[in-house]
Amino acid sequence: DRRRDRLDKKTLYGRQQGGALGATYTIPTRRSSETAFRLSGSAVFRLAMSPIHNFEQLSRRLVEPDLSIQTRLEIVMEVRESLDITHTAEYLNFLKCYFRASSVILLQITKPQFTDNLEHKLRNMVVEILRSLPHSEVLRPFVQDLLKVAMQVLTTDNEENGLICIRIIFDLLRNFRPALESEVQPFLDFVCKIYQNFRLMVSHSFENVKMEEVKPVEISSPSDQSLSLTAHSRNGKINPSTLSFKIVTESPLVVMFLFQLYGKLIQSNIPNLLPLMVAAISVPGPDKVSSHLKTQFIELKGAQVKTVSFLTYLLKSCAEYIRPHEESICKSIVNLLVTCSDSASIRKELLVSLKQVLGTDFKRGLFPLIDTLLEERVLVGTGQACFESLRPLAYSLLAEIVHHVRADLSLSQLSRIIYLFSRNMHDSTLSLNIHTTCARLMLNLVEPIFEKGVDQQSMDEARILLGRILDAFVGKFNTFKRTIPQLLEEGEGKDLITLRSKLELPVQAVLNLQVPAEHSKEV
């Protein structure tokens, strides 16, 4: 091992001079032509394993029916430590022996486990080995069988092994297309099934969701039956893959790529999959979550947000299928903004989905929800990271929504909007671009406000709102009167920190974000 860092990887396995066990190996090195040393039997397995009968010996041992789980696990660990050999000419021999042994372990010798025991560790390590196999032409003869093994594990095992199998399946379907086009449909059927189970997942994870509301899922095979029973027993510590929010979270992105790679499958699958996804994002989840269920709640919202991202990706290409669900999707996006945790990444993904909707005719579904979106807590969240990083995107989106509905807003709604955007225009932690957006929006509100004055009371209210806009602008000019002379003075010193970076970007400076230094643009 001490010499390994000095060995050429391609010649690491060397030439054997003797028997398999206790053999002397001659290893070419970079400094000397050859170095010979003697290895014990276990070291031969761990370091070399290049002779084909070593592969066969270990793989036969792996599938012996009377072998204990512990011993089997130790052998699999030896195999995992020798995975470097898959990058050499011995890769095919490795596959011939170990792929069959891996399949037998996963499909015959062991069963899916839902607690973290030795048998789970064995299955998990075997699946990890399968995921580590290089996707070269050497693997091609084994691809169909590997795909079937991965699908079987994904549909019947726990979420830990299921997540690994999703990656195996996607990599195979991506790297060995178009030969595997016929194998894509079973995966899409599985995705439909987990979305069908979505309400069941929620009831499985949170005590306060009534089981009576959950429709029973059709059981198509004995393995499904046992899985369903395991799920309902809730004795296990690891979720079944069919009841896992983590599996749901991974699935939409894979489906999106598969639709890009295999375009023919869109028309046949969207009519089934889309209503299931729309129903899944509308599931509210529990109103109150105890501390020990907080992780599951975050996973639930993460799965729903990833599904929303997938649906908004389809807005333009599958508009005719989505149109009947326009109102439901928009309501779900806003409800998720209300209920999801203060994770900056999750909330940003939701805001990006909102932006996608605003770029299409489906934005009409958002207009009735303007009152909810005017609440800063809903739009941005309450966490400090959300507050600092999401406000620019959130307020530019809100400005766009307000612009579309400005003629239909009530005076009380207009009052809230003027308060929000005039406050932001004076907020030195927001950029000049956001200040400009706020000013432009308030200018666009002048005409609608004026037209609201149909009687004396409404005219008085409208006059007050116009006065507040005027006051916001005068106040901003008051700030400019102080800051612009200083800004112009600093123009002579090119290397000085600009006034804007001192006054208007303190948060970005603290976070070490790059501060724009183009002085003329600033002025």
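Heads up: the structure comes first, above all this text.
Quick notes on the rules
Numbering of residues starts from 1 in every chain and runs along the sequence as written. Restriction of local features to residues with pLDDT of at least 70 applies here, the model being predicted, together with a cutoff of 80 or more for giving and counting side-chain atom pairs; totals for whole chains, interfaces and linings are based on all residues. Computation of side-chain values covers all heavy atoms of the structure but excludes hydrogens and water. Criterion for a salt bridge: a side-chain nitrogen of Lys or Arg within 4 Å of a carboxyl oxygen of Asp or Glu. What counts as a helix is a DSSP run of H or I of at least four residues, what counts as a strand is a run of E of at least two, and both are numbered from the N terminus. Residue exposure (1.4 Å probe, protein chains only): buried if accessible area is under 20% of the type maximum, exposed if over 50%, otherwise partly exposed. Definition of nonpolar core: a set of buried residues of the types Ala, Val, Leu, Ile, Met, Phe, Trp, Tyr and Cys, connected through side-chain atoms within 4.5 Å. All the domain ranges listed were derived from an automatic or database domain assignment. Any pair of residues with heavy atoms lying within 4.5 Å of one another is described as a contacting pair. Grouping into patches uses exposed residues only, defined as over 30% relative accessible area, and leaves out salt-bridged ones; the cut-off is 9 Å for like charges and 5 Å for nonpolar side chains (Val, Leu, Ile, Met, Phe, Trp, Tyr). Reported accessibility uses the Shrake-Rupley method at a 1.4 Å probe radius. Residues are deemed covered only where the shown protein chains occlude them. Helix axes use the C-alpha atoms of the stretch in contact, all axes being lines fitted to C-alpha atoms, and the angles between their N-to-C directions lie in the range 0 to 180 degrees. In what follows, roughly perpendicular refers to angles from 65 to 115 degrees, roughly parallel to angles under 35, roughly antiparallel to angles over 145, and oblique to any angle outside these ranges. Left-handed describes a crossing in which the near helix is turned anticlockwise from the far one by less than a right angle; the clockwise case is right-handed.

Novice: An account of the pattern of salt bridges is needed here, citing residue identities and associated values.
Specialist: Counting across every chain of the model gives 15 salt bridges. In this structure, E326 engages R364 in a salt bridge whose closest nitrogen and oxygen atoms are separated by 3.6 Å. One end of the pair, E326, is in helix α15 (residues 326-339); the other, R364, is in the loop between α16 (344-358) and α17 (370-373), and 38 residues separate them in sequence. With a shortest N-O distance of 2.7 Å, D427 and R391 are connected by a salt bridge. Note that D427 is positioned in the loop between α20 (411-425) and α21 (432-451) and R391 in helix α19 (residues 384-405), a separation of 36 residues in sequence. Both residues of the pair, D427 and R391, count as buried. Through salt bridges with shared partners, a single network forms among E159, K246 and E299.

Novice: Residues and numbers for the nonpolar core, please.
Specialist: Note that soluble globular proteins tend to have their nonpolar side chains buried in a common cluster. Membership of the largest hydrophobic core comes to 148 residues, with the highest contact counts inside it found for L139, L154, L172, F187, F198, L398 and F421. Both domains that furnish three or more residues to this core are identified here as domain 1 (53-179) and domain 2 (181-207 + 237-284 + 291-381). Not counting residues within four places of it along the chain, the set of residues in contact with F421 comprises Y395, L398, A399, C438, L441 and M442.

Novice: Run through a nonpolar patch on the surface, naming residues and quoting values.
Specialist: On the surface, a cluster of nonpolar side chains totalling about 470 Å² of accessible area is made up of F477, F480, I484, L488 and V523. Its location among the elements puts F477 in helix α22 (residues 456-490). Of the residues examined, F477 reaches a relative accessible area of 58% and is grouped as exposed.

Novice: Can you break down the side chain of E299 residue by residue, with the values?
Specialist: Its place among the elements puts E299 in helix α13 (residues 294-313). Judged by its relative accessible area of 19%, E299 is buried. Dropping the residues within four chain positions of it, E299 is found in contact with F245, K246 and T249.

Novice: I'd like a rundown of the packing of α21 against α22, residues and numbers included.
Specialist: Packing of α21 against α22 leaves a shortest axis separation of 10 Å and a crossing angle of 155°. Accordingly, the angle class assigned to the pair α21 and α22 is roughly antiparallel. α22 is crossed by α21, and the crossing has left-handed handedness. Residue-level contacts link H435, A439, M442, L443, V446 and I449 of α21 to A462, L465, L466, I469, A472, F473 and K476 of α22.

Novice: Outline the environment of Q144, supporting the account with residue identities and numerical values.
Specialist: Topologically, Q144 is positioned in helix α6 (residues 143-156). Put simply, Q144 and L180 are 36 residues apart on the chain and 7.8 Å apart in space, counted from C-alpha to C-alpha. Setting aside anything within four residues of it in sequence, one finds Q144 in contact with A179, L180 and E183.

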